[in-house]
Amino acid sequence: MLESNKDSAKLDAMKRIVGMIAKGKNASELFPAVVKNVASKNIEIKKLVYVYLVRYAEEQQDLALLSISTFQRALKDPNQLIRASALRVLSSIRVPIIVPIMMLAIKEASADLSPYVRKNAAHAIQKLYSLDPEQKEMLIEVIEKLLKDKSTLVAGSVVMAFEEVCPDRIDLIHKNYRKLCNLLVDVEEWGQVVIIHMLTRYARTQFVSPWKEDDGLEDNEKNFYESDDEQKEKTDKRKKTYAMDPDHRLLIRNTKPLLQSRNAAVVMAVAQLYWHIAPKSETGIISKSLVRLLRSNREVQYIVLQNIATMSIQRKGMFEPYLKSFYVRSTDPTMIKTLKLEILTNLANEANISTLLREFQTYVKSQDKQFAAATIQTIGRCATNISEVTDTCLNGLVCLLSNRDEIVVAESVVVIKKLLQMQPAQHGEIIKHMAKLLDSITVPVARASILWLIGENCERVPKIAPDVLRKMAKSFTSEDDLVKLQILNLGAKLYLTNSKQTKLLTQYILNLGKYDQNYDIRDRTRFIRQLIVPNEKSGALSKYAKKIFLAQKPAPLLESPFKDRDHFQLGTLSHTLNTKATGYLELSNWPEVAPDPSVRNVEVIELAKEWTPVGKAKKENSAKKFYSESEEDEDSSDSSSDSESGSGSESGERGESGEEGDSSEDSSSGQESESGSESGVEDERTAKRNSKPKGKSDSEDGEKENEKSKTSDSSNAESSSIEESSSDSESESDSESETESRRVTKEKGKKTKQDRNPLTKDVSLLDLDDFNPVSTPVALPTPALSPSLIADLEGLNLSTSSSVISVTAPVFVPMKTHVLLHRMSGKGLAANYYFPRQPCIFGDKMVSVQITLNNTTDQKIENIHIGGKKLPIGMQMHVFNPIDSLEPEGSITVSMGIDFCDSTQTASFQLCTKDDCFNVNIQPPVGELLLPVAMSEKDFKKEQGMLTGMNETSTVIITAPQNFTSSVILQKVVNVANVGAVPSGQDNIHRFAAKTVHSGSLMLVTVELKEGSTAQLIINTEKTVIGSVLLRELKPVLSQG
Amino acid sequence: MIHSLFLINCSGDIFLEKHWKSVVSQSVCDYFFEAQEKAADVENVPPVISTPHHYLISIYRDKLFFVSVIQTEVPPLFVIEFLHRVADTFQDYFGECSEAAIKDNVVIVYELLEEMLDNGFPLATESNILKELIKPPTILRSVVNSITGSSNVGDTLPTGQLSNIPWRRAGVKYTNNEAYFDVIEEIDAIIDKSGSTVFAEIQGVIDACIKLSGMPDLSLSFMNPRLLDDVSFHPCIRFKRWESERVLSFIPPDGNFRLISYRVSSQNLVAIPVYVKHNISFKENSSCGRFDITIGPKQNMGKTIEGITVTVHMPKVVLNMNLTPTQGSYTFDPVTKVLTWDVGKITPQKLPSLKGLVNLQSGAPKPEENPSLNIQFKIQQLAISGLKVNRLDMYGEKYKPFKGVKYVTKAGKFQVRT
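Residues numbered from 1 in each chain as written. Chains lettered and ligands numbered in written order. Predicted model: local features only at pLDDT ≥ 70, side-chain atom pairs only at ≥ 80, totals over all residues. Heavy atoms only, no water.

- If you check an unreviewed UniProt entry, chain B appears there as AP-3 complex subunit mu-1 isoform a from Daubentonia madagascariensis.
- The annotation that UniProt attaches to chain B under Sequence similarities (unreviewed entry) is "Belongs to the adaptor complexes medium subunit family." (UniProt positions renumbered as here; feature names shortened; annotations may be inferred.)

- For chain A, the name recorded in an unreviewed UniProt entry is AP-3 complex subunit beta, with Daubentonia madagascariensis as its organism.
- Recorded under Sequence similarities (unreviewed entry), the UniProt text for chain A is reproduced unchanged: "Belongs to the adaptor complexes large subunit family."

What about the overall build of chain A?
Right, so step 1: In terms of regular secondary structure, chain A is built from 43 helices and 16 strands.
Right, so step 2: Each of the 1041 residues in chain A was classed as buried or not, and the buried ones make up 54%.
Right, so step 3: Of the contacts made within chain A by residues no fewer than 6 positions apart, 67% connect residues no fewer than 24 positions apart.
Right, so step 4: Accessible area of chain A: about 45200 Å², with a carbon and sulfur share of 51%. (Helix = DSSP H or I, 4+ residues; strand = E, 2+ residues; numbered from the N terminus. Buried < 20%, exposed > 50% of the residue type's maximum accessible area, 1.4 Å probe, protein only. Contact = heavy atoms within 4.5 Å. Areas by Shrake-Rupley, 256 points an atom, 1.4 Å probe, with all protein chains shown as cover.)

Describing the packing of helix α17 (residues 285-293) of chain A against helix α18 (residues 298-314) of chain A
Residues and elements named next belong to chain A.
Right, so step 1: The contact between α17 and α18 brings their axes to 9 Å, and the two run at 150 degrees. Viewed along their axes, α17 and α18 form a crossing whose handedness is left-handed. Counting all contacts with α17, which are made through I286, L290 and L293, the residues of α18 involved are V300, V304, I308 and M311.
Right, so step 2: Per-class residue counts for the contact of α17 with α18 are seven nonpolar, no polar and no charged. (Axes fitted to C-alpha atoms, helices over the stretch in contact; angles between N-to-C directions. Left-handed = near helix turned anticlockwise from the far one by under 90°. Nonpolar A, V, L, I, M, F, W, Y, C, P; charged D, E, K, R; others polar.)

Observations regarding the interface of chain B and chain A
Right, so step 1: The partner chain A presents 103 residues to the 103 residues of chain B that form the contact.
Right, so step 2: Summing both sides of the interface, chain B and chain A together bury roughly 9100 Å²; the carbon and sulfur share of this comes to 55%.
Right, so step 3: Counting across the chain B and chain A interface gives eleven salt bridges.
Right, so step 4: Of the charged contacts in the structure, one is a salt bridge between D230 of chain B and R292 of chain A, with a shortest N-O distance of 3.2 Å.
Right, so step 5: Run the count over chain B and chain A and you get 31 residue pairs in polar contact (both at pLDDT 80 or more).
Right, so step 6: Broken down by element, the residue count for the side of chain B that touches chain A peaks at eight residues, all from helix α2 (residues 76-94) of chain B. (Buried area = accessible area lost by both parts, 1.4 Å probe. Salt bridge = Lys/Arg side-chain N within 4 Å of Asp/Glu carboxyl O. Polar contact = N/O pair within 3.5 Å; in protein donor to acceptor, adjacent residues only side chain to side chain.)

Comments concerning the confidence of the model for chain A
All names here are of chain A.
Right, so step 1: When pLDDT is averaged along chain A, the result is 71; 72% of the residues meet or exceed 70.
Right, so step 2: Segment residues 213-240 is flagged for pLDDT under 50; beyond a separation of four residues in sequence, or across chains, it makes 33 contacts in the model.
Right, so step 3: Per-residue pLDDT stays below 50 along residues 604-804; that stretch engages in 234 contacts with residues further than four places along the chain or on separate chains. (pLDDT = per-residue confidence, 0-100.)

Observations regarding the packing of aromatic side chains
Right, so step 1: Applying the stated criterion across every chain, the model contains 21 aromatic pairs over all chains.
Right, so step 2: Judged by centre distance (5.3 Å) and plane angle (70 degrees), the ring pair of W190 of chain A and F78 of chain B falls under edge-to-face. On the criterion of chain membership, the pair formed by W190 of chain A in helix α12 (residues 189-206) and F78 of chain B in helix α2 is interchain, its members lying in two chains. Each member of the pair, W190 of chain A as well as F78 of chain B, carries the same accessibility label: buried.
Right, so step 3: Among the aromatic residues, those joined into a ring-pair cluster are W190 of chain A together with F78, F82 and F121 of chain B.
Right, so step 4: Directly above the ring of Y56 of chain A sits R55 of chain A, whose terminal nitrogen or CZ lies 4.5 Å from the centroid.
Right, so step 5: Stacked on the ring of W275 of chain A, the Lys or Arg R315 of chain A has its end atom at 3.9 Å from the ring centre. (Phe/Tyr/Trp six-rings, centres within 6.5 Å; stacked < 30°, edge-to-face > 60°. Lys NZ or Arg CZ within 6 Å of the ring centre and 35° of its normal.)

Things to note about the pattern of salt bridges
Right, so step 1: Tallied over the entire structure, the rule returns 37 salt bridges over all chains.
Right, so step 2: In this structure, E59 of chain A and R55 of chain A form a salt bridge, with 3.6 Å as the shortest nitrogen-oxygen distance.
Right, so step 3: For R55 of chain A, a relative accessible area of 14% corresponds to the buried category.
Right, so step 4: With a shortest N-O distance of 2.7 Å, E189 of chain A and R85 of chain B are connected by a salt bridge. Of the two residues, E189 of chain A is situated in helix α12 and R85 of chain B in helix α2; the pairing between them involves two chains.
Right, so step 5: The class for E189 of chain A is buried, based on a relative accessible area of 8%.
Right, so step 6: Counted as one network, the salt bridges with shared partners bring together R88 and K127 of chain A together with K18, E114, E115 and D118 of chain B.

What to know about the sheet that holds strand β4 (residues 847-855) of chain A
Residues and elements named next belong to chain A.
Right, so step 1: The five strands lie next to each other as β2-β3-β4-β8-β6, forming an open sheet whose pairing is antiparallel. Strands at the two margins of the open sheet, each flanked by one partner only, are β2 (818-821) and β6 (876-878). Going across the sheet, the axis of each strand differs from the next one's by a mean of 30 degrees, ignoring polarity.
Right, so step 2: Taken together, the three bridges between β2 and strand β3 (residues 829-834) define a ladder with antiparallel strand orientation. Residue pairing for β3: V819 is matched across the bridge by N832. (Pairing = 2+ DSSP bridges.)

Remarks on the sheet that holds strand β14 (residues 274-282) of chain B
Strand pairing in a sheet relies on backbone hydrogen bonds, with the paired strands running either antiparallel or parallel.
Residue and element names in this part refer to chain B.
Right, so step 1: An order of β14-β15-β20-β17 is seen for the four strands of this open sheet, with the pairing classed as antiparallel. What marks the edges here is a single partner per strand, and that holds for β14 and β17 (318-325). Taken over all neighbouring pairs, the strand axes of this sheet differ in orientation by 15 degrees on average, direction set aside.
Right, so step 2: Inspection of the sheet shows β17 paired to strand β20 (residues 353-360) by seven bridges, in the antiparallel sense. The residue bridging T324 from the neighbouring strand is K355, located in β20.

Quick look at the structure:
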């Protein structure tokens, strides 16, 4: 039928095949016939073929390849849904040969304009990773890119991919942390669960513990988290200074609404987040929501109750108000009943024990005997935990001994045994009663318990004990092993205390034991005989036999079976199973000192405001944003005016207002660029409104209101949510206009792409050697590119307006700091600086410098600012904002920009505090006056050819050959100078390129390895002075061993 | 995350399997069967089972087991919640979630599962989106399809999935625009022997049936929103509005959905609308016992109580029951030992009662405990907590919708211990 021309017949056939797959029958022999239909026009046939293909592709790899060209075509389809599903199926075909094709498809899809396609790309990452873990590095790059995505659709999936592929790369999260927090509410529910779990782990590594304040109040908690006294001291110390990181607070605040989710998994995820990272005083709010989940299905109840059980061990107070919600109904399944019982036990205290015991009485009579037995154990635990009720419980349990059900009685006996062991005082009566029971009870554990009790207390019941032994001797052979052992014990004990009456009896038992089938019993028999029966061989031990057998035994602790679960993260599979599941990620302990919080800052520094503790990261981020824009838009040169970047900076601003907290109001007045972006937003919005054909007065009013409140209301979360809601109400028209504007951008992008095309060809020509066609049977619309080539292409995409000189990220940032002001000469104020090698945000001719200020005194240093500057002609300096005050032991990093005019002249200025002024100066190493650029080898050669003659300086280096590996050279060169490596076709030539910061002249460094441990170092540049200085600096470094 | 899904019926046949990653052999279910055997009762099968290479997470719904295979750490609730969502979707599509319905619609089931999960991660779970992707089967459509050969797979992309409101499909059109809300409250209670309340609370839900064209923006306000103590929302509700104004503001999904579920704050005393007089006793050393229960109204706020059903799980030693009801009818299943008494309405003039003898297994000891009574009832036009909807406003569309609110109070887990 599959060969039929009619779609309906094909469809019918496919349906039958899918039916077979569903039943688990093998349908693989139909593969060739089915695959033919992959290009069918009928969408249902197509989907069913996809289902089939994904199921059997792994088994029929060669044939599966036939279908791949179809998908590749579909990847270029204008319909986003088709692109997405093509990617989905392509990535689901688990055939290793197509890994490069998949990789390429993922890379393309991750830059797709449709968030839906990007979401699928995120899913595909995981699939590719499981197919070929070697792609990890490349995939991480894609993840990094997707993490920056602002669409709620993508967030959940990419975090999932992150968790799967590189959960340890926490550094990728930093910059996206705030965005994720803010988007969280709008992400679809499944994504929320994953993100919350990830953020919990993140928070545990990045913030200090908020748990100090109630240390003293709840001892048991402290014991768990901070085990030794030393730490306690530390925490005490920290207690004084602790203030919650605003980001930490942001996470806690933004997850709170999700407690209200209808999805149990989300609620549980938030609950565990609160449990693990919120201050203890705030954890209480989760209990209400968790109790609500108890209304849900049996399975949900089961998991939630398990988690509550763990929580209730540590913090009783949380669930005490809901005690009655844990009362057991006779219709609950047994596993739910036992869990509820467990929680009730944990919650029991002096105040509620009487109510609870009354409740337990009902349970004990339950028809579910397993549950009744569990209740008895529970009563035992309550009795041990709360000494006031021990006697009551004991009496109650003794009453139960007359119960008709054997399991109940047996359980009571065991529990009574444990209770008596704790207070062995006058309970002779009970023991006698139990001895009588021995005739009727058949459950081995109970019999053994009774025998043990009698043995322990044989001196208190001198008459009964030998009699019991007599009875037992009679039935010895038919007893359970457990009971036999106890009979032997009882015999031994009686032999020692009352040998006159029981000597023969014991010996008889020992004889029986000697020929028992069980080796444990034979063993025990032999041991006891040697120990208690005096003969000439028996050594010193037999003297102590009495001490050995009748020693005081410590009472057992009746503990919760949930005691040891708390080291697993709540809500995880591992917690449920109480074993470490595959792929479980430990929740780390709180760090002693919080890592630098500034790594999470994302936005452009704004000047008009008072300082915030931001440092290098801010610069990095600004740089990052710069790149990401150019990456996405592919035309960074003049993108600032189009709507795309407008919306980008809008959200940037939103995030900023979050960071600034109350002060976002003023921020807009500050910078030009910022107000520019604002107006962009405004424009866009008006455009939206215009594009909406029939503006409803209501919604428009609402919108205006929103806008008003946006400007007046400063709290970030508020405004962002309103933003959301306003876009909600007009989303249709919204999305239209958006897509329109996107289209425009796309076209622009295309143009620039075309411009760059010839260049692309060059590269592929050069790299032709690496190029190996991957899947021969397929006629590819796009050539399968080798990974290295893709990387090259990526590098090109980064390029700015000029096709040759494009600034790239620094290869390496040395953390070498220089002293600006020593603390001795600075009266306690110490200052260090270093070069973060980032493009300076204050001006593109400036070198950015990070200054770290430390207050080593015990007083505040106030008003730190830069005073008089003494700069050589032409040199400019952008100072940091005055710092109001610096706490004792405090440290702060500020950044400044200095235009050194491409010279190594010193910039001198005064660093002033409220009281003093210190003269300091910064002299840049020549290597820091450069910015790395990316260029192809061909361009390099071309440029080098133009910079010969007097523009070229060179020298010969002699050093050991082991220093001539490319990595060593790269390491050494980038350590000295901020240059970028140029891909080289020859092994013995290493090329580096950079441009000077001020004038932008090229600086080309070539290291050519020669025979016999010599090398030639050549520098080509217009700036010959710098060139020769650099040569001088590089030479000793390279010749060092 | 989720590797594979097996559907297993009560008799232990695997009648459907679906794999999202590599194929996992059916034999993995043996571990599940083992656990099932151990648990004896279907209710007691542990939801999470660990096997040497996989973890099995299962739910039990409508006499079917949904067993999912997991390979790595995942929040178990995530999987459980998802499996329930799958079952809900089947229910939604086929009217019931039964073996027969699934077998009849294998292809649709497969298509659904394919859309709901990608590589084990949920993709589209909103029923509005799914219905746009894959149209639910109706008799008319299947006839049409077989004639015209058209498919029931949507060929347009669901715009909802790409928009900010993934729960609503675009281009909804109705000639009659209606919005109905059902406020349903359930009383959970445990009443002890003497008739005093051990535990009682009110749980409520508001189910909505919205058939409105376009993109309506609704806001629903209550007379007494303070009553609601703990609320969980459908994702469409704007949380901020609720926080600040206690107003439910939302763009609804199309069709039936659960808007909110709530719990009434525990400070409020719960009015228990019925009382039960009972006298159940088993005589020592004889093979019979007495059984006598009477139900009466209490604090019913002037409304009739209807649909009363009493279910009793009798002890195992009970062989048979010989009873006479003054009203309604009763059945006793000697295998499961479940007594069901369908009472109907209560009329205060004549209280319904059920009296008679219980036959016990001869020679067996008399049961320790009297069985507890599970009671179901329904009160129309009343929300027992006193919750009242104030008004419903619609923005964003011009037409005037029909609006309606219905109140019902039901017994939830209402148990009387005897």
